[in-house]
Amino acid sequence: MLGDDGAGDEEPLFRPYAVTGGRSEPRYHLAVETLVSSMSIPDDEMALLTPEQETIVMLCRSFRSVAEISALLKVPLGVARVLVADMADENLVRLHQPLLSQGHPDLNMLERVLSGLRRL
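Thresholds applied
Here the residue numbering is sequential within each chain, running from 1 through the sequence in written order. Since the coordinates come from a predicted model, pLDDT governs what is reported: local features require at least 70, and pairs of side-chain atoms require 80 or more to be given and counted, while whole-chain, interface and lining totals use all residues. As a convention, hydrogens and water are excluded, and side-chain values are obtained from all of the structure's heavy atoms. Each helix is a run of H or I in the DSSP string that is no shorter than four residues. Each strand is a run of E no shorter than two, and both are numbered from the N terminus. Relative accessible area decides the class of each residue, using a 1.4 Å probe on protein chains only: under 20% of the type maximum gives buried, over 50% gives exposed, and in between gives partly exposed. The criterion used for residue contact is that any of the two residues' heavy atoms lie within 4.5 Å. Computed with the Shrake-Rupley method and a 1.4 Å probe, the accessible areas treat only the protein chains shown as cover for residues. Put simply, buried Ala, Val, Leu, Ile, Met, Phe, Trp, Tyr and Cys residues joined by side-chain atoms within 4.5 Å make one nonpolar core.

Identification of the chain as DUF742 domain-containing protein from Sinosporangium siamense is taken from an unreviewed UniProt entry.

In structure tokens, the structure reads:
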């Protein structure tokens, strides 16, 4: 959908909440750094997936974070969290939650983040 003057970025023809059935919160907490990997899905079952689910399965053939999925799908983070949580419940993807319960930050990850920020 183009702006009034016919120029500008294309906007989706649907509201993000339509993709999640109106839900804005996932069934359980997903950190933005939670890694997601897709399961091996037969072709006949791939045909039954929504376009968003199919894209997530394809993206997550290599590990992707929830934040990356959100950015690559061009949907709000909340929508990506709901979609990924639903797919995990359906055994379409695996979640690899960060070990935050140990109470100690992962210094290696923090150094990588800091290095990435410095490169910006």
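Moving on from the model shown.
A short note on the overall build of the chain
If you tally the helices and strands in the chain, you get six helices and three strands. The helix and strand sequence of the chain, counted from the amino end, reads α-β-α-α-β-α-α-β-α. Taken across its 120 residues, the chain has 28% of its residues classed as buried. In the chain, the share of contacts with a sequence separation of at least 24, taken over all contacts with a separation of at least 6, comes to 71%. Summed over its atoms, the accessible surface of the chain is roughly 8,600 Å², and 54% of this surface lies on carbon and sulfur atoms.

Here's the deal with the nonpolar core
Residues V36, I56 and I69 are the most contacted members of the largest nonpolar core, which totals 21 residues. Sorting the residues of this core by element identifies α3 (51–59), α4 (66–73) and α5 (77–89) as the ones contributing at least two each. By residue number, the principal contributor to this core is α5, which donates seven residues. Setting aside its immediate chain neighbours within four residues, I69 contacts V36, I56, C60, R64, A80 and V84.

Remarks on unusual backbone geometry
Positive phi, close to 60°, is recorded for K74, a residue that is not glycine. A relative accessible area of 75% places K74 in the exposed class. Phi is positive for N91, which is not a glycine, with a value near 60°.

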